[in-house]
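Overview (structure and organization)
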Amino acid sequence: MAGSGKTTLMQRLNSHLHTTNTPGYIINLDPAVTQVPYGANIDIRDTVNYKNVMKQYGLGPNGGILTSLNLFATRFDQVISLCEKQRDPPLKYVIVDTPGQIEIFTWSASGAIITEAFASGFPTMIAFIIDTPRCAHPQTFMSNMLQACSILYKSKLPMLLVFNKTDVSRHDFALDWMADFETFHVALQADSSYASTLSKSLSLVLEEFYCNLKTVGVSAVTGENIDEFFTSVEACAEEYLKYYKPEMDRKVQARNELETQRQAKELSKLSLDRAESSQQSNSRIPAAKVALDARTRPPVTSADEMDGYISDGLD
């Protein structure tokens, strides 16, 4: 979510990795950011110039970010190769800072390519950063939950809800709303608008969605609960290996089987076409031979020879 303190949290996570001597790799995928308060190992801005993309293609800010990501995704195999490179000690975490605009990364082709590239080779999870003070309003809270639900539906990866800025506002109210929809309804009583009624109905729908989510409250400024954040990340990694990886392997196997069947079908079609072409060629050879014989046979010079030709035909 834009403005939730995502980049500041990235700085805190990077600082925590260095403080604890934990091998980590930081990747920035936001081409529009002016500067980042952390040292990124891979930065999209080193490859794609966001302003030049906007100027060249006549795009607005969001279109420029999306196009920059699409261009970068064409070479993302090189990023994966760098992450997979053997190191001593080996990497423990790869942390990716994505653009704050959800629709740009989550619902774009480049976002799907990048997410699947990581998920196919590493235990991967998604941390959805929430601005806790802004979520004190029930309708804003519901909007965040719907966004989280859409990301989970699209990515099909373990998700961790990270309530940031707990130094400003505690996230206990959000946990209460997730645990008991009636408490959420009480918070909406003062508002009788259509949006409030819709939020009440959606809270009933999302009750089961809440049950399968992990949550943690952190402060990117003070560093509160950063250790708990990494503990939750480890739990999501175990969930990935237990549930998501087998499902992904099954999908990859099914995709490979379909590709094998397609190749076999194309090969069979090619063999059939070659066989038909060979038959057509063979059927034309006798006619050509007869015509050649007719052209090369000596001309008739007498009546006796004509009788011989007629006799041969009758025989």
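Below is a short write-up of the structure. (Residues numbered from 1 in each chain as written. Predicted model: local features only at pLDDT ≥ 70, side-chain atom pairs only at ≥ 80, totals over all residues. Heavy atoms only, no water.)

What follows is about the pattern of salt bridges. In total, this model carries ten salt bridges according to the counting rule given. When the shortest N-O distance is used, the salt bridge between R45 and D43 registers 2.7 Å. Assessed through its relative accessible area of 9%, D43 is described here as buried. K214 is the salt-bridge partner of E239, the closest N and O atoms lying 2.8 Å from each other. With E239 in helix α12 (residues 226–296) and K214 in strand β6 (residues 214–217), this residue pair connects regions lying 25 residues apart in the sequence. (Salt bridge = Lys/Arg side-chain N within 4 Å of Asp/Glu carboxyl O. Buried < 20%, exposed > 50% of the residue type's maximum accessible area, 1.4 Å probe, protein only. Helix = DSSP H or I, 4+ residues; strand = E, 2+ residues; numbered from the N terminus.)

Before going further, it helps to examine the sheet that holds strand β1 (residues 24–28). Sheet architecture is open: three strands sit in the order β2-β1-β3, paired in parallel fashion. On the outer flanks of this sheet lie β2 (42–43) and β3 (93–97), each paired with one strand and no other. Where β1 lies against β2, two bridges are found, and the strand directions are parallel. Across the sheet, N28 pairs through a bridge with D43, a residue of β2. Across the face of the sheet, helix α4 (residues 76–84) comes into contact with β1, β2 and β3 while running at roughly 165 degrees to β1. (Pairing = 2+ DSSP bridges. Contact = heavy atoms within 4.5 Å. Axes fitted to C-alpha atoms, helices over the stretch in contact; angles between N-to-C directions.)

Let us look at the side chain of S232. You can see S232 is positioned in helix α12. Under the relative-accessibility criterion, S232 is labelled buried at 11%. Discounting residues that sit within four places of it in the chain, S232 has contacts with L160, K214, T215 and V216.

Attention now moves to unusual backbone geometry. Following D88, the chain continues to P89 via a peptide bond in cis, the omega torsion being 0 degrees. Structurally, the position occupied by P89 is in the loop between α4 and β3. Its identity as a non-glycine residue notwithstanding, N21 has a phi of 55 degrees, on the positive side. Its location among the elements puts N21 in the loop between α1 (6–19) and β1. Among the residues examined, N21 registers a relative accessible area of 68% and is labelled exposed. Phi is positive for K165, which is not a glycine, with a value near 65 degrees.

Working definition: the strands of a sheet are paired by backbone hydrogen bonds and lie parallel or antiparallel to each other. Pairing is parallel in the open sheet, where three strands are placed in the order β4-β5-β6. The open sheet has two edge strands with one neighbour each: β4 (126–131) and β6. If you compare each strand with its neighbour and ignore which way they point, the axes differ by 25 degrees on average. Against the sheet, helix α7 (residues 138–155) makes contact with β4 and β5 (159–164), and its axis sits at roughly 170 degrees relative to β4, the strand it touches most.

Its side-chain oxygen at 3.2 Å from the backbone nitrogen of K51, N49 defines the N-terminal cap of helix α2 (residues 50–57). A positive backbone phi angle near 60 degrees is found at G58, which sits one or two residues after α2. (Polar contact = N/O pair within 3.5 Å; in protein donor to acceptor, adjacent residues only side chain to side chain.)

With that out of the way, let us pick up the packing of aromatic side chains. Here the structure, examined in full by the defined rule, presents ten aromatic pairs. Arranged with centres 5.8 Å apart and planes meeting at 50 degrees, the rings of F141 and F184 form a pair that is tilted. Note that F141 is positioned in helix α7 and F184 in helix α9 (residues 181–187), a separation of 43 residues in sequence. In this structure, F141 and F184 share a single accessibility class: buried. Summarising the aromatic geometry, the rings of F173 and W177 are spaced 5.1 Å apart at their centres and angled 75 degrees between planes, so their arrangement reads as edge-to-face. Here the residue F173 and the residue W177 both occupy positions in helix α8 (residues 172–179), the gap between them amounting to four residues, near one helical turn. In this pair, the class of F173 matches that of W177, namely buried. The residue whose ring lies beneath K156 is Y153, and the NZ or CZ to ring-centre distance is 5.1 Å. (Phe/Tyr/Trp six-rings, centres within 6.5 Å; stacked < 30°, edge-to-face > 60°. Lys NZ or Arg CZ within 6 Å of the ring centre and 35° of its normal.)

Okay, the nonpolar core next. Burial of nonpolar side chains together is a common tendency in soluble globular proteins. Membership of the largest hydrophobic core comes to 26 residues, with the highest contact counts inside it found for F128, I130, F141, M145, M159, L161 and Y210. Among the secondary structure elements, those contributing two or more residues to this core are β4, α7, β5, α8 and α11 (207–211). Of the residues forming this core, the biggest block, five residues, is contributed by α7. Ignoring sequence-local partners within four residues, the contact set of F141 consists of C135, A174, W177, M178, F184 and Y210. Ranked by size, the runner-up nonpolar core spans 21 residues in total, among them V33, V36, V162 and F230. (Core = buried A, V, L, I, M, F, W, Y, C linked by side-chain atoms within 4.5 Å.)

Before going further, it helps to spend a moment on the packing of α2 against helix α3 (residues 61–73). Axis separation between α2 and α3 bottoms out at 9 Å; the angle between their running directions is 110 degrees. On the basis of their axis angle, the class for α2 and α3 is roughly perpendicular. Seen from α2, the contacting residues are Y50, V53, M54 and Y57; seen from α3, they are P61, G64, I65, T67, S68 and L71. The residue inventory of the contact of α2 with α3, partitioned by class, reads seven nonpolar, three polar and no charged. (Parallel < 35°, antiparallel > 145°, perpendicular 65-115°, else oblique. Nonpolar A, V, L, I, M, F, W, Y, C, P; charged D, E, K, R; others polar.)

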